[in-house]
Amino acid sequence: MTSEDQQYDVVVIGGGAAGLSGAVALARSRRSVLVVDAGQPRNAPAAGVHNYLGREGMPPGDLLAAGRAELAGYGGELAAGVVTAVHRQDDDRFGVTLDDGRAVTARRLLVATGLVDELPDLPGVAERWGRDVLHCPYCHGWEVRDQAIGILATGPTAVHQALLFRQLSDDVMFFRHAGPELPDDEAAQLGALGIRLVDGEVAGLEVTDDRLTGVRLTSGYVVPRSVVVVAPRFTANDQVLAPLGLVAAAQEMHGQVVGSAIAADPTGASAVPGVWVAGNVSDLSAQVVVSAAAGLRAGARINADLVVEDARAAVVARREMAGAR
Ligand SMILES: Cc1cc2nc3c(=O)[nH]c(=O)nc-3n(C[C@H](O)[C@H](O)[C@H](O)COP(=O)(O)OP(=O)(O)OC[C@H]3O[C@@H](n4cnc5c(N)ncnc54)[C@H](O)[C@@H]3O)c2cc1C
């Protein structure tokens with residue numbers, strides 16, 4: 001078999017927690033499976049994975065390395081690279097092209113390409129992302145407990161984020177930045193919880209000795225802070241799916257768009273027959289363990305779908321054989 005005509009039961013696009021979990025489930029069901037992974041998991045900047053039972057604090061790269069080893073142990077294949085194109089062939093299989101020019105085919109696709117965190121465009125935010133610029137209290141809230149935390153209002157979830165981080169520290173400030181005036185009830189909640197409101201636009205973050213030290217306002221005044229919380233826009237990595245007619249739909253919160261995701265049923269089946277999705281590409285709030293669970297569920301459903309197809313094909317083949325006698 002040449003590299004141009006390698007055929008798999010399933011190609012998994014994206015080898016993060018979701019893709020690898022689905023692939024392991026498929027490989028353990030003796031499905032031929034190829035995971036193609038560009039190697040840029042969303043939580044790469046973080047020091048550890050939190051809230052993953054039994055793996056608390058494990059470096060993200062170590063968790064994925066363990067997953068890749070488990071996949072290899074069951075005969076699953078992994079290719080480092082980017083899937084650049086996908087199309088449906090006349091024989092109903094999917095043709096998948098990699099950036100190294102390799103082309104393979106698959107009976108089913110599991111798309112687990114994750115999402116991109118589009119950060120507010122302010123000096124210091126991207127540089128400190130995942131270290132002392134954060135978004136998620138469940139990912140690294142405990143690690144910044146009791147610290148001087150600033151909530152940078154960059155989206156509709158800012159007040160909610162302030163309340164969540166207030167659970168972890170008595171010293172929380174809310175930077176209204178370019179956002180609208182807060183409704184009376186929200187301002188009252190912040191006030192009652194001792195969350196101080198800072199008016200004025202933020203110009204950027206102050207960093208000293210590789211450490212966040214403050215929030216600089218356009219007035220030049222610097223408010224000392226050691227942690228800043230922002231609300232990125234969560235944009236699904238859906239580019240590869242467009243030729244199949246799948247495009248991520250806008251996701252709204254409080255009437256505002258906060259990101260996008262590919263729609264799927266609870267098993268991960270998308271609107272396109274044969275294509276399943278799992279993890280952040282279809283659920284922007286899914287954490288690592290939730291993404292892994294979604295990958296497992298999708299993998300199991302793909303296997304079930306293939307089992308039915310194989311059984312039907314076996315019946316047809318048997319009848320044809322009987323008819324030929
Ligand atoms: C800074 C930060 C810290 C976090 N900390 C935690 C935490 O402590 N605990 C927790 O539970 N969650 C945490 N999260 C959330 C966590 O990152 C996600 O839940 C998780 O990464 C989702 O897994 P996934 O498999 O869906 O996507 P990802 O992990 O993002 O994996 C997707 C993979 O697909 C690859 N890919 C994309 N497009 C292609 C393509 N065309 N071809 C091939 N490969 C492709 C990417 O390179 C990537 O390797 C954190 C998030 C951030 C941003």
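The structure under discussion appears in the preceding block.
Residues numbered from 1 in each chain as written. Predicted model: local features only at pLDDT ≥ 70, side-chain atom pairs only at ≥ 80, totals over all residues. Heavy atoms only, no water.

S.K.: Even after reading the chapter, I still don't get the overall build of the protein, so can you show me in this structure?
M.R.: Within the protein one finds seven helices and 19 strands. Expressed along its principal axes, the backbone C-alpha trace of the protein runs to roughly 90 × 35 × 35 Å. Counting contacts in the protein only where the partners sit at least 6 residues apart, residues at least 24 apart contribute 59% of the total. Surface summary for the protein: the accessible area is close to 16,000 Å², and the carbon and sulfur share equals 52%. In the protein, 27 side chains carry a positive charge and 39 a negative one; their mean positions are 9 Å apart. (Helix = DSSP H or I, 4+ residues; strand = E, 2+ residues; numbered from the N terminus. Contact = heavy atoms within 4.5 Å. Areas by Shrake-Rupley, 256 points an atom, 1.4 Å probe, with all protein chains shown as cover. Lys, Arg positive; Asp, Glu negative; His and termini not counted. Charge placed at Lys NZ, Arg CZ, Asp CG, Glu CD.)

S.K.: How should helix α5 (residues 158-166) be read in this particular structure?
M.R.: Given 3.6 residues to a turn, an α-helix orients residues that are three or four positions apart in the same direction. Among the residues of α5, those classed as buried are A158, V159, Q161, A162 and F165. Down the axis, α5 shows its buried residues gathered within 160 degrees of arc, on one side only. Against the buried residues of α5 lie α4 (137-140), β9 (149-152), β10 (172-175), α6 (184-192) and β15 (227-229). (Buried < 20%, exposed > 50% of the residue type's maximum accessible area, 1.4 Å probe, protein only. Arc of directions from axis to C-beta.)

S.K.: I keep staring at the site of the ligand and nothing clicks. Help me out?
M.R.: In the vicinity of the ligand lie 36 residues, with D37, Q40, H50, A286 and V288 positioned nearest. For the ligand, an oxygen atom lies 3.2 Å from a polar atom in the backbone of A17. Considering the ligand on its own, with 990 Å² of exposed area, one finds that the protein chains cover 95% of that surface. Elements represented by at least two residues in the shell around the ligand include exactly α1 (17-28), β2 (33-37), α4 and α7 (288-324). Classifying every residue of the shell around the ligand by side-chain character gives 15 nonpolar, 18 polar and three charged. (Near = heavy atom within 4 Å. Polar contact = N/O pair within 3.5 Å; in protein donor to acceptor, adjacent residues only side chain to side chain. Nonpolar A, V, L, I, M, F, W, Y, C, P; charged D, E, K, R; others polar.)

S.K.: Please explain the side chain of T157 as it appears in this structure.
M.R.: As for its placement among the helices and strands, T157 is situated in the loop between β9 and α5. A relative accessible area of 15% means that T157 is categorised as buried. Contact partners of T157, with chain neighbours within four places excluded, come to A231 and M253.

S.K.: I'm lost on unusual backbone geometry in this one. Help?
M.R.: The bulk of non-glycine residues show a negative phi, and the bulk of peptide bonds are trans. Residue N51 is not a glycine yet carries a positive backbone phi of 65 degrees. Within the secondary structure, N51 sits in the loop between β2 and α2 (60-73). Look at H254: it is not a glycine, yet its phi comes out positive at around 50 degrees. Residue placement: H254 occurs in the loop between β17 (249-253) and β18 (256-261).

S.K.: Which parts of the structure should I look at to understand the sheet that holds strand β12 (residues 202-208)?
M.R.: Hydrogen bonds along the backbone pair up the strands of a sheet, which may run parallel or antiparallel. Spatial strand order, β12-β13-β14: three strands in an open sheet with antiparallel pairing. Each of the sheet's edge strands pairs with one partner strand only, and the pair in question is β12 and β14 (222-224). Each adjacent strand pair in this sheet contributes to an overall mean axis angle of 30 degrees, direction not counted. As defined by bridge partners, β12 adjoins strand β13 (residues 211-217) across six bridges and the pair is classed as antiparallel. The residue of β13 that forms the bridge with G204 is R216. (Pairing = 2+ DSSP bridges. Axes fitted to C-alpha atoms, helices over the stretch in contact; angles between N-to-C directions.)

S.K.: Help me understand the pattern of salt bridges in this model?
M.R.: Where charged atoms from two side chains of opposite charge approach closely, those side chains can pair. For the structure on display, the rule yields 18 salt bridges. Note that D170 and R166 form a salt bridge whose closest N and O atoms lie 3.3 Å from each other. If you follow the salt bridges from partner to partner, you end up with D9, R31, R107, R108, D305, E309 and D310 in one network. (Salt bridge = Lys/Arg side-chain N within 4 Å of Asp/Glu carboxyl O.)

S.K.: Would you mind going over the sheet that holds strand β11 (residues 196-198) with me for this structure?
M.R.: Spatially, the five strands line up as an open sheet ordered β8-β15-β9-β10-β11, and their pairing is parallel. With one partner strand each, in any of the chains shown, β8 (133-134) and β11 form the two edges of the open sheet. Note: β9 against β10, four bridges, orientation parallel. Across the sheet, residue L152 finds its bridge partner in β10, namely F175.

S.K.: So what exactly am I meant to see when it comes to α1 here?
M.R.: Under the 1.5 Å per step criterion, the end-to-end length of α1 is 16 Å for 12 residues, consistent within 8% with the ideal 16 Å. Of all 12 residues in α1, 11 are buried; the element is thus mostly enclosed. Taken together, the buried positions of α1 are A17, A18, G19, L20, S21, G22, A23, V24, A25, L26 and A27. Residues of α1 that are buried in the fold lie against β1 (6-13), β2, α2, β3 (77-80), β6 (103-111) and α7. A positive phi of about 65 degrees marks R30, the residue just after α1. (Expected span 1.5 Å × (residues − 1).)

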